[in-house]
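What follows is each chain in one-letter form.
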Amino acid sequence: MEFLKEYLGEELYTQVEQAVEGKGLKLANLANGEYVAKEKFMQSSTQVKELQEQLKERDGQLEQLKKQAGNSEELNKRIAELEETNKLAKAQYEVDWKKRDVEDALKESLREHKAKDAAIVMPLIDRAKLIIQDGKAVGLDEQIKVLQEKARIFV
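Criteria and thresholds
- Throughout, a residue's number is its position along its own chain's written sequence, starting from 1.
- In view of the model being predicted, local features appear only for residues whose pLDDT reaches at least 70, and side-chain atom pairs are presented and counted only at 80 or more, with totals across whole chains, interfaces and linings using the full set of residues.
- Hydrogens and water molecules were not included; the side-chain quantities draw on all heavy atoms of the structure.
- Secondary structure elements follow DSSP: runs of H or I no shorter than four residues count as helices, runs of E no shorter than two count as strands, and numbering proceeds from the N terminus.
- Accessibility here uses a 1.4 Å probe with only protein chains present; expressed as a share of the type maximum, an area under 20% marks a residue as buried, one over 50% as exposed, and anything in between as partly exposed.
- A 3.5 Å cut-off defines polar contacts: any pair of N or O atoms within that distance qualifies, except that in protein one atom must be a possible hydrogen donor and the other a possible acceptor, and neighbouring residues in sequence count only when both atoms are side-chain atoms.
- Here a residue-residue contact requires only that any non-hydrogen atoms of the pair lie within 4.5 Å.
- For Phe, Tyr and Trp, rings pair up if their centres lie within 6.5 Å, where Trp contributes its six-membered ring, and each pair is then called stacked (planes under 30 degrees apart), edge-to-face (over 60) or tilted (otherwise).
- Geometrically, a charge over a ring is one whose NZ (Lys) or CZ (Arg) sits within 6 Å of the ring centre while staying within 35 degrees of the ring normal.

Colleague: Looking at this structure, I do not really get the side chain of Arg 100. What am I missing?
Modeller: Checked against the element boundaries, Arg 100 lands in helix α3 (residues 73-112). A relative accessible area of 14% places Arg 100 in the buried class. Within the structure, Arg 100 has its side chain in polar contact with the side chain of Asp 101 (distance 3.4 Å). When neighbours within four sequence positions are excluded, Arg 100 is seen to be in contact with Lys 40, Gln 43, Ser 44 and Gln 47.

Put into structure tokens, the structure is as follows:
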């Protein structure tokens, strides 16, 4: 809460500090980007746990088949199929994860650009022209300038 002193001044800061004390409230400066919404964290955490379980299960299946296979050509073929399936599933997961990261960064950037309604603006953005760096959508400014000229969808 110390960060408020420079904005509120010593006297007003002391009043706010006393009013908040013992209420179970926590005030934070979100400008440094360290805050993650609980919903987003829980969603990511759940997804990671599910994927770890899937990987563990698949690895177990492969190991079991390898033990049973010996010289059996049919089982070796099945193992190769499962390994390929796992590679494809992993690649799809990475694509899906990257898409989610792009969408999250895009929403955050639109909030920073003060879009009136991100849901209206999102379909108008060409994601192929965006690069995500440090959670920010680079290349968005140019697209927003064009949209601002065409429509009143930004504050």
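Colleague: I keep staring at the packing of aromatic side chains and nothing clicks. Help me out?
Modeller: Each aromatic ring pair is characterised by the separation of its centres together with the angle its planes make. In the structure shown here, the tally under the stated rule is one aromatic pair. Judged by centre distance (5.7 Å) and plane angle (40°), the rings of Tyr 93 and Trp 97 are tilted. With Tyr 93 and Trp 97 both in helix α3 and four residues apart, this pair spans about one turn of that helix. Note that Arg 100 overlies the ring of Trp 97, its terminal NZ or CZ placed 4.3 Å from the centroid.

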